[in-house]
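Per-entry structural report
One letter stands for each residue in the lines below.
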Amino acid sequence: DLPTYVFDRERYWLQAADGTGDVTAVGLDRSEHPLLGAIVVLPEAAGVVATSRLSVAAQPWLADHAVSGDVLVPGTALVEIAARAGHEVGHPVIDELVIESALVLPAQGGVQVQVVVGAEDGTGRRPVGVHSRAAATSPWTRHVTGFLTAEANRPDYDFTVWPPAGAEPVEVDGFYDNLAAAGYDYGPSFQGLRAVWRRGEEIFAEIELPDAVRATAGSYGVHPALLDVALQVTNFGPLPKVAEGEVLLPFAWNSVAQHAWGASALRVRTTPSGPDGVSVETADHTGAPVASIGSLVLRASVPQRRNGLDSLFQLDWVDVPTTRGATLDPQTVVVDLTAADEQGDPTVRARDLVGRALAAIQARLDGTAPVVVVTRNANGYGDPAADAVWGLVRSAQTENPGRFVLVDLDDKEDSRALIAAAVGAGEPQLAIRAGKVSAPRLAHAPAGDTERRLDPDGTVLITGGTGVLGMVVARHLVRAHDARNLVLLSRQGPDAAGAAQLVEELAGFGARVRVVACDITDRAALAEVVASSRPTAVVHVAGVLDDGVLAAQTTDRLDAVFAPKADAAWHLHELTKDSDLDAFVLFSSGAGVFGSAGQANYAASNAFLDGLAALRHAQGLPALSLAWGLWAQTSALTGTLDEADRNRMARGGTLAMSTVEALDLFDAALSSDAATLVPVKLDLAHLRRRAAEGDEVAPVLRGLVRARRKASAPATRSLAQQLPTMPRVEQQRALLELVRGSAAAVLGHADASLLAAEQAFKDVGFDSLTSVELRNRLTEATGLRLPATLVFDHPTPGELAEWLLTRLVPDAEPPSVLDELTRLESLLSHDFDEAARGEVVRRLRSLTAKCELDGPGGVDLDAATDDEIFQLADAELGLS
């Protein structure tokens, strides 16, 4: 007669199907604690087992505790649940607790947690450990080990005198921005620092729980967010040194006791404790003790997981809030691509959808209306054709920020009705599935459970096998994976540079390598090679570029890139789908995931590969698409990148990975069960610094870098608001500085003065791509909708600044002579061609003479003497 129990993925391991959460019928006790579900007290005081499931869905405030891009369960929460479990057997005091490994929460789903308190050891202590696992079949990971005791010493510091006598106030403005730049992405729930004082080595502070979590304070001994803020106070005292890329995390806790429960605000005192520890005492507003930490040791930690493979990511989809009943702006243009035949050849359908999307986008590039591109992924997993559209539009979003929105529908009837609500969420990319709206976020990929290797007796077929990356992969498969049979395909085949040497080199490792000339876009020719080689693994590396901004893209340019990348991948899929392959690996590109300015066609073809991998994965076939970031090793695909291109990518947070790093990521990816992974080297510290300074964070990166604005900064007027109040000459100067500074930033120059007002943009290296980037910077600065041809229409900084002025202050009075003279003085203050100096001096003297002749006090030529006339002539000719 017991009720039916089901697994609850958000709160408890087990709960009644009627939703009551009553677990007592199966011999468990409810903990009544927000972080613990059920508790079992073992017989004869042998110990306690407490169970839970933690997730950002069940405990949303945990998402506000991110370190170096990962959501970490704070050490204070681990202390809280250990103490709560110990409380069940009369041992609520932390005698010693060591955090062995951080407990990372995934963006979706959660982790199972067990707190185990053992029997008393004869010295008055009980051992305690905290373990977690992702699923019932996953191994347990131990995060915490330590001992609990029954008694605690109460702190004797007098908190009733407040602020403490002799303590000097410390500035706290910008504190959380500085933490963010160092890798601590604390959200609202963990931003409770209010005031700080210093007296010698003592640090004092007032803290409180923010409104987001204040209502739950009574459910905890000390809310983990509040105690975490108390630990933040230690940042104002001496801390251990950390190297670049390291962060300080709590490591060893000693003598941690709770003296009162449910506080929502605290007074805090920290003092040094031993050579590398700190003591923390807290009290409520009356001075009564609340919690104390005898000693806490912080340890420098490199936030890299999976043996340092912290550059392997995947796309997660997170729910976003929407407003039901929302409507689209009347000016919004909807490009509906959902009606295409979903049963035909995906390569044909992809060309049709991408061509239609390209035409619709190009027709509206110079407009201002928002454009919503709607696709449909009826099967819910992988649709290569629809994914190709996403690659194209992601690049359109990169070139034209704020103009385009992507929405993908499932086949549910009510999904279309949610388009307006989805667009209103303010995200550039959205999916609607079963009535829920979600957006993509990049997240660290979990490590694979087992190392996966290829069959050494099988045959690996590599397309693009005689290119730089193809050869790198071939060498690696032979040396690291013991591959003994390789077939390398390329257009040139054995005649390709370095092919013969590679064959000879790999033969020295015992490998048989056959190099075949084959046009992989020709299905019949490729089928011949597949039939003769009978591969057991496929690695599709081949690809070409035909870069150009959106306005310059054509269906021919799309086809030139699409054929060797997408068509060939589909041919390989069809020709091998009935084979028992060990691996089917596609070398895709991050361009399809992030969008890439000037590479919309390339992004589309690579996104097709990502969709194909998802499709194969859903069919139970081996599949892995690797959306690579930038490799440092020059290849046919990166050989055209110059220093400015690489600097631009670095400013965007993307660094070049070495070949060793890339191959480590390749091996790690092979062990993953994911269909698509994103191996890319991100400079997260740089992105956090930019975010702390107020720069916008790309939505896809907001799972790794928290978007923030300086809350303490006073509101400032935009440039467009300031200009009308300025004198004309100041308007001109401000816009010229804006243009020159933006141009210098695009080119990677620190000094804007290197670009003269009358110097042509094309003469300093501007091309279509950098012109688009400059346009985007000026759009953000001015609020104007500017054309992509801006730099070509106004070819010098001076001309562009003047044109911007006519747009921003259209009714301005024409400049006076004095305004123009002031502007001229400003121009003359800059260096200019020495050869032109004489001409400049001559013309200035001529203008002076003309002014003297024509003006009210000028010389009367009829009455002038010969000497006066000669003097004027000399001035006119520049001789005097």
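Being a predicted model, the structure only gives us computed values, none of them experimental.

Reading the values: rules and limits
- Residues numbered from 1 in each chain as written.
- Predicted model: local features only at pLDDT ≥ 70, side-chain atom pairs only at ≥ 80, totals over all residues.
- Heavy atoms only, no water.
- Salt bridge = Lys/Arg side-chain N within 4 Å of Asp/Glu carboxyl O.
- Helix = DSSP H or I, 4+ residues; strand = E, 2+ residues; numbered from the N terminus.
- Buried < 20%, exposed > 50% of the residue type's maximum accessible area, 1.4 Å probe, protein only.
- Core = buried A, V, L, I, M, F, W, Y, C linked by side-chain atoms within 4.5 Å.
- Contact = heavy atoms within 4.5 Å.
- Phe/Tyr/Trp six-rings, centres within 6.5 Å; stacked < 30°, edge-to-face > 60°.
- Lys NZ or Arg CZ within 6 Å of the ring centre and 35° of its normal.
- Pairing = 2+ DSSP bridges.
- Expected span 1.5 Å × (residues − 1).
- Polar contact = N/O pair within 3.5 Å; in protein donor to acceptor, adjacent residues only side chain to side chain.
- pLDDT = per-residue confidence, 0-100.

For side chains of opposite charge, pairing can occur when their charged atoms come near one another. One pass over the structure, following the stated rule, counts 28 salt bridges. Measuring nitrogen to oxygen at the nearest pair gives 2.9 Å for the salt bridge that ties glutamate 208 to arginine 194. In this pair, glutamate 208 is assigned in strand β16 (residues 202–208) and arginine 194 in strand β15 (residues 193–199), connecting sequence segments 14 residues apart. Overall, the relative accessible area of 27% leaves glutamate 208 in the partly exposed class. On the accessibility criterion, arginine 194 (38% relative accessible area) is partly exposed. As a salt-bridge pair, glutamate 427 and arginine 441 come within 2.6 Å of each other at their nearest N and O atoms. With glutamate 427 in the loop between α7 (419–423) and β25 (429–433) and arginine 441 in strand β26 (residues 436–444), the pair connects residues that are 14 residues apart, well separated along the chain. Each of the two residues, glutamate 427 as well as arginine 441, counts as buried.

Next up on the list: the nonpolar core. Core analysis: the biggest nonpolar cluster contains 75 residues, and Leu193, Ile207 and Trp253 have the highest contact counts within it. With seven residues, helix α1 (residues 75–87) is the largest single contributor of residues to this core. Apart from residues lying up to four places away in sequence, leucine 193 is in contact with Val172, Phe175, Tyr176, Ala205, Glu206, Ile207, Val229, Val233 and Phe236.

Turning our attention to unusual backbone geometry. Residue tryptophan 162 is joined to proline 163 through a cis peptide bond whose omega torsion reads -5°. Here proline 163 lies in the loop between β12 (141–149) and β13 (168–170). A positive phi angle is found at serine 255, which is not glycine, with a value near 55°. Locating serine 255 in the fold gives a position in strand β17 (residues 247–258).

This part takes up the packing of aromatic side chains. Aromatic ring pairs: the centre-centre distance and the angle between the two ring planes describe each pair. All chains considered together, the criterion is met by 17 aromatic pairs. Centre to centre, the rings of tryptophan 61 and tyrosine 220 are 6.3 Å apart; their planes meet at 90°, and the pair counts as edge-to-face. Of the two residues, tryptophan 61 sits in the loop between β5 (47–55) and β6 (65–67) while tyrosine 220 sits in the loop between α3 (211–214) and α4 (224–232), which places them 159 residues apart along the sequence. With relative accessibility at 10%, the residue tryptophan 61 sits in the buried group. Taking relative accessible area as the criterion, tyrosine 220 reaches 4% and is therefore assigned buried. Pairing tyrosine 157 with phenylalanine 204 gives two aromatic rings, centres 6.0 Å apart and planes at 35°, and the pair type is tilted. Within this pair, whereas tyrosine 157 is found in the loop between β12 and β13, its partner phenylalanine 204 is found in strand β16, the two being separated by 47 residues in sequence. With respect to class, tyrosine 157 is no different from phenylalanine 204; both count as buried. Put simply, the rings of Trp61, Tyr184, Tyr186, Phe190 and Tyr220 pair up and form one aromatic cluster. Over the ring of phenylalanine 404 we find arginine 403, and its NZ or CZ is 5.3 Å from the ring centre. Over the face of the ring belonging to phenylalanine 584 we find arginine 616, whose NZ or CZ atom lies 3.8 Å from the ring centre.

Our next topic: the sheet that holds strand β14 (residues 184–186). Consider a sheet: its strands pair through backbone hydrogen bonds, and that pairing is either parallel or antiparallel. A sheet is described by the order of its strands in space; here four strands give the open sequence β9-β7-β6-β14, paired in antiparallel fashion. Two strands bound the open sheet, and with one partner strand each, they are β9 (104–105) and β14. As judged from the two bridges shared by strand β7 (residues 70–72) and β9, these two strands associate in the antiparallel manner. Looking across to β9, one finds that leucine 72 is bridged to valine 104.

Attention shifts here to the pairing of strand β4 (residues 36–42). Taken residue by residue, a regular strand's side chains alternate between the two faces of the sheet. Where β4 and β5 come together, five bridges link them in antiparallel fashion. Counted as the bridge partner of valine 41 is valine 48 from β5. Here β4 hands over to β5 after four residues, with glutamate 44 in that stretch at a positive phi of 55°.

This part is about helix α15 (residues 659–670). In this model α15 runs 16 Å from its N-terminal to its C-terminal C-alpha over twelve residues, within 8% of the 16 Å that 1.5 Å per residue would give. Listed in full, the buried residues belonging to α15 are Ala662, Leu663, Leu665, Phe666, Ala668, Ala669 and Leu670. The secondary structure elements touched by the buried residues of α15 are β21 (312–319), α8 (468–481), β31 (583–589), β32 (624–628) and β34 (676–679).

So, on to the environment of alanine 85. With respect to the element layout, alanine 85 can be found in helix α1. In this structure the C-alpha to C-alpha distance between alanine 85 and valine 128, which are 43 residues apart in sequence, comes to 8.9 Å. Ignoring sequence-local partners within four residues, the contact set of alanine 85 consists of Val48, Ala50, Val115 and Val117.

Moving on, we get to the side chain of glutamine 553. Tracing the backbone through its elements, the reader meets glutamine 553 in the loop between β30 (537–540) and α11 (555–576). Given the relative accessible area of 4%, glutamine 553 is considered buried. Within the structure, glutamine 553 has its side chain in polar contact with the backbone oxygen of glycine 548 (distance 2.8 Å). Each residue touching glutamine 553, except ones within four places of it in the same chain, is listed here: Leu358, Gln362, Asp546, Gly548, Gly598, Ala600 and Asn601.

Predicted coordinates in areas of low pLDDT are best not read in detail. Scored by pLDDT, the protein chain comes out at a mean of 85, with 84% of its residues at no less than 70. Between residues 1–21, whose pLDDT stays under 50, and residues either more than four places distant or in other chains, the model counts 49 contacts. For residues 709–716, every residue scores under 50 in pLDDT, and the model assigns this stretch eight contacts once sequence neighbours within four places are set aside.

Our next topic: the environment of alanine 195. Along the chain, alanine 195 falls in strand β15. Between the C-alpha atom of alanine 195 and that of glutamate 206, which follows or precedes it by eleven residues, the distance is 5.2 Å. Here alanine 195 is in contact with Phe204, Ala205 and Glu206, once residues within four sequence places are set aside.

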